[in-house]
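Overview (structure and organization)
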Amino acid sequence: MVWLKQYEVIGRKTPVGEEESQLMSMKIFAPNKVVAKSRYWYNVRKMKKVKKTTGDIISVKEVPEKKSSSIKNFGVWVKYKSRSDTVNMYKEYRDVTMAGAVEQFYMEMSGRHRARWSAITILKVQRIA
């Protein structure tokens, strides 16, 4: 049973007056919509200098995965805070779904590196040929 789901969260900075604000889209792995929104604001605050009080969330959608019985290879690019420094990392996993590969990654990081879920930021997940 996969406990993580992939969500696409779309938000923007609240427009002031006649000004148009650009939409910011982000794909996030989280157990539910509430955590996905929280991780979205955490990342947007760091990258775009937009806080929750000065922004709006337009939509939160769960990205469905195709039901497949074939095993695929996935590459996971990650940044996490260790006890002494910030570490960039790339790992490969074999799984049926992308969320399953990310779940394997979180389990390995908590076991081998003692990294907490909140200290890990997933930069990109991609299927490898």
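Everything in this summary refers to the structure shown in the same document. The numbers attached to residues start from 1 for each chain and follow its sequence in the written order. Per-residue local features are limited, in this predicted model, to residues with pLDDT of at least 70; the limit for side-chain atom pairs, both in listing and counting, is 80 or more; totals at the level of whole chains, interfaces and linings are taken over all residues. With hydrogens and water excluded, all non-hydrogen atoms of the structure serve as input to the side-chain values.

A short note on unusual backbone geometry
- One non-glycine residue, Lys49, lies in the positive phi region at around 60°.
- Helix and strand definitions here come from DSSP, where helices need a minimum of 4 consecutive H or I residues and strands a minimum of 2 consecutive E residues; each element is numbered from the N-terminal end. Here Lys49 shows up in the loop between helix H1 (33-47) and strand E3 (55-62).
- Partly exposed describes any residue whose relative accessible area lies between the buried limit of under 20% and the exposed limit of over 50%, with all areas from a 1.4 Å probe on protein chains only and scaled to the type maximum. For Lys49, a relative accessible area of 68% puts it in the exposed group.
- Positive phi outside glycine occurs at Arg114, with the angle close to 55°.

Section: the side chain of Ser21
- As for its position among the elements, Ser21 is in the loop between strand E1 (5-13) and strand E2 (23-30).
- According to the relative accessible area criterion, Ser21 is buried, its value standing at 19%.
- At 2.8 Å, the side chain of Ser21 and the backbone oxygen of Lys13 are in polar contact.
- Apart from the residues within four sequence positions on either side, Ser21 is in contact with Arg12, Lys13 and Pro15. Counting of polar contacts relies on pairs of N or O atoms within 3.5 Å, with two restrictions inside protein: one atom must be capable of donating a hydrogen and the other of accepting it, and residues adjacent in sequence are counted only when both atoms are side-chain atoms. Throughout, a contact is declared for two residues whenever any of their heavy atoms are within 4.5 Å.

Points about the nonpolar core
- Counting residues in each nonpolar core, the largest one holds 18 residues, and the members touching the most others are Phe105, Met109 and Ile120.
- Put simply, the parts of the chain that give this core at least two residues each are strand E4 (72-81), strand E5 (86-95), helix H2 (98-112) and strand E6 (120-128).
- Looking at this core element by element, the count peaks at seven residues for H2.
- Once residues within four sequence positions are removed from consideration, Phe105 is found in contact with Val76, Val78, Met89, Lys91, Tyr93 and Ile120. Side-chain atoms within 4.5 Å link the members of a nonpolar core, which is a set of buried Ala, Val, Leu, Ile, Met, Phe, Trp, Tyr and Cys residues.

Focus: H2
- Over its 15 residues, H2 runs 21 Å from end to end, which matches the ideal 21 Å to within 8%, given 1.5 Å per residue.
- Those residues of H2 lying buried are Met98, Ala99, Gly100, Ala101, Val102, Glu103, Phe105, Tyr106, Glu108 and Met109.
- In the core, the buried residues of H2 are packed alongside E1, E2, E4, E5 and E6.
- Where H2 begins, the side chain of Thr97 points an oxygen toward the backbone nitrogen of Gly100, at a separation of 3.0 Å. In this analysis, the expected span of each helix is defined as 1.5 Å times one less than the number of residues it contains.

Some thoughts on the packing of aromatic side chains
- When two rings of Phe, Tyr or Trp (its six-membered ring) have centres within 6.5 Å they constitute a pair, described as stacked for plane angles under 30 degrees, edge-to-face for angles over 60, and tilted for the intermediate range. Following the criterion strictly, the structure yields six aromatic pairs and no others.
- Between Tyr93 and Phe105 the ring centres are 6.3 Å apart and the planes differ by 75°, which places this aromatic pair in the edge-to-face class. Here Tyr93 is found in strand E5, whereas its partner Phe105 is found in helix H2, with 12 residues between them in sequence. Note on accessibility: Tyr93 and Phe105 belong to one class, buried.
- Of the aromatic side chains, those joined through ring pairs into one cluster are Trp3, Tyr93, Phe105, Tyr106 and Trp117.
- Remark: a charge is flagged as sitting over a ring if the NZ atom of Lys or the CZ atom of Arg is within 6 Å of the ring centre and within 35 degrees of the ring normal. Against the face of Trp117 rests Arg39, its NZ or CZ located 5.2 Å from the ring centre.
- The ring of Trp77 carries Lys124 above its face, with NZ or CZ at 4.5 Å from the centroid.

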